[in-house]
Amino acid sequence: MATKTPVSKFSEETFETAMSRLEQIVELMESDKLPLEELLTRYEEGVSLVKVCEQKLSAVEKRIEIITRNAAGEPQVEEFEPEKAEKTERSEKKPVARPRDDVSLF
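These figures come from a predicted structure and were not determined experimentally.

Participant: Teacher, can you tell me more about the overall build of the chain here?
Facilitator: Counting secondary structure elements, the chain contains four helices and two strands. Counting from the amino terminus, helix and strand elements in the chain follow one another as α-α-α-β-β-α. Considering only contacts in the chain between residues 6 or more positions apart, those separated by 24 or more positions represent 53%. Split by element, the accessible area of the chain, about 9,300 Å² in all, is 55% carbon and sulfur.

Participant: For this particular structure, what's the right way to read the environment of Val 26?
Facilitator: Mapped onto the elements of the fold, Val 26 is located in helix H2 (residues 15-30). Looking at Val 26, the relative accessible area reads 41%, which means it is partly exposed. Between the C-alpha atoms of Val 26 and Tyr 43, which are 17 residues apart in sequence, the distance is 8.7 Å.

Participant: Explanation requested: a nonpolar patch on the surface in the structure shown.
Facilitator: On the surface, a nonpolar cluster with roughly 250 Å² of combined accessible area is contributed by Leu 40, Tyr 43 and Val 47. Relative to the helices and strands, Tyr 43 resides in helix H3 (residues 36-63).

Participant: Where do I start with the side chain of Glu 45 in this structure?
Facilitator: One can find Glu 45 in helix H3. Relative accessible area serves as the criterion here: at 7%, Glu 45 is assigned to the buried category. In terms of polar contacts, Glu 45 uses its side chain to reach the side chain of Arg 21, at 2.8 Å.

Participant: Honestly, H2 in this entry has me stumped. Any pointers?
Facilitator: The α-helix advances 3.6 residues per turn, and as a result positions three or four apart in sequence lie on the same side. Helix length check: H2, at 16 residues, gives a terminal C-alpha distance of 22 Å against a target of 22 Å (1.5 Å per residue), a fit within 8%. Within H2, the full set of buried residues consists of Ala 18, Leu 22 and Ile 25. End-on view of H2: buried residues confined to an arc of 60°, all on one side of the axis. Away from its buried face by more than 90 degrees, H2 exposes Glu 16, Glu 23, Glu 27 and Glu 30. Each element contacted by the buried residues of H2 is listed here: H3. One or two residues past the end of H2 sits Asp 32, with phi positive at roughly 60°.

Basis of the calculations
- Residues numbered from 1 in each chain as written.
- Predicted model: local features only at pLDDT ≥ 70, side-chain atom pairs only at ≥ 80, totals over all residues.
- Heavy atoms only, no water.
- Helix = DSSP H or I, 4+ residues; strand = E, 2+ residues; numbered from the N terminus.
- Contact = heavy atoms within 4.5 Å.
- Areas by Shrake-Rupley, 256 points an atom, 1.4 Å probe, with all protein chains shown as cover.
- Buried < 20%, exposed > 50% of the residue type's maximum accessible area, 1.4 Å probe, protein only.
- Patch = residues over 30% accessible without salt bridge, like charges linked within 9 Å, V, L, I, M, F, W, Y side chains within 5 Å.
- Salt bridge = Lys/Arg side-chain N within 4 Å of Asp/Glu carboxyl O.
- Polar contact = N/O pair within 3.5 Å; in protein donor to acceptor, adjacent residues only side chain to side chain.
- Expected span 1.5 Å × (residues − 1).
- Arc of directions from axis to C-beta.

This is the structure we're talking about:
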């Protein structure tokens, strides 16, 4: 049986390196050229890499700060709140006029 690849093996990798390796693994798995045991090993490696990517994204998200201006126009630093940002984006979006299916020239 294939041995599990520990997450700690990949923890030193950068997010970009981990994503690049994940893309390679997907290509290998989609090629149908790997034996079943090798597929399982690559799958386990991919799962470990996904965990590393999630951890790195979570750490980055915690560090994100948004610079805003207060009422006096001075820059002020606020912690990033994903829920707040999502609500702001939704409220700023204006409805887009959609073309009608029935077009009449007269």
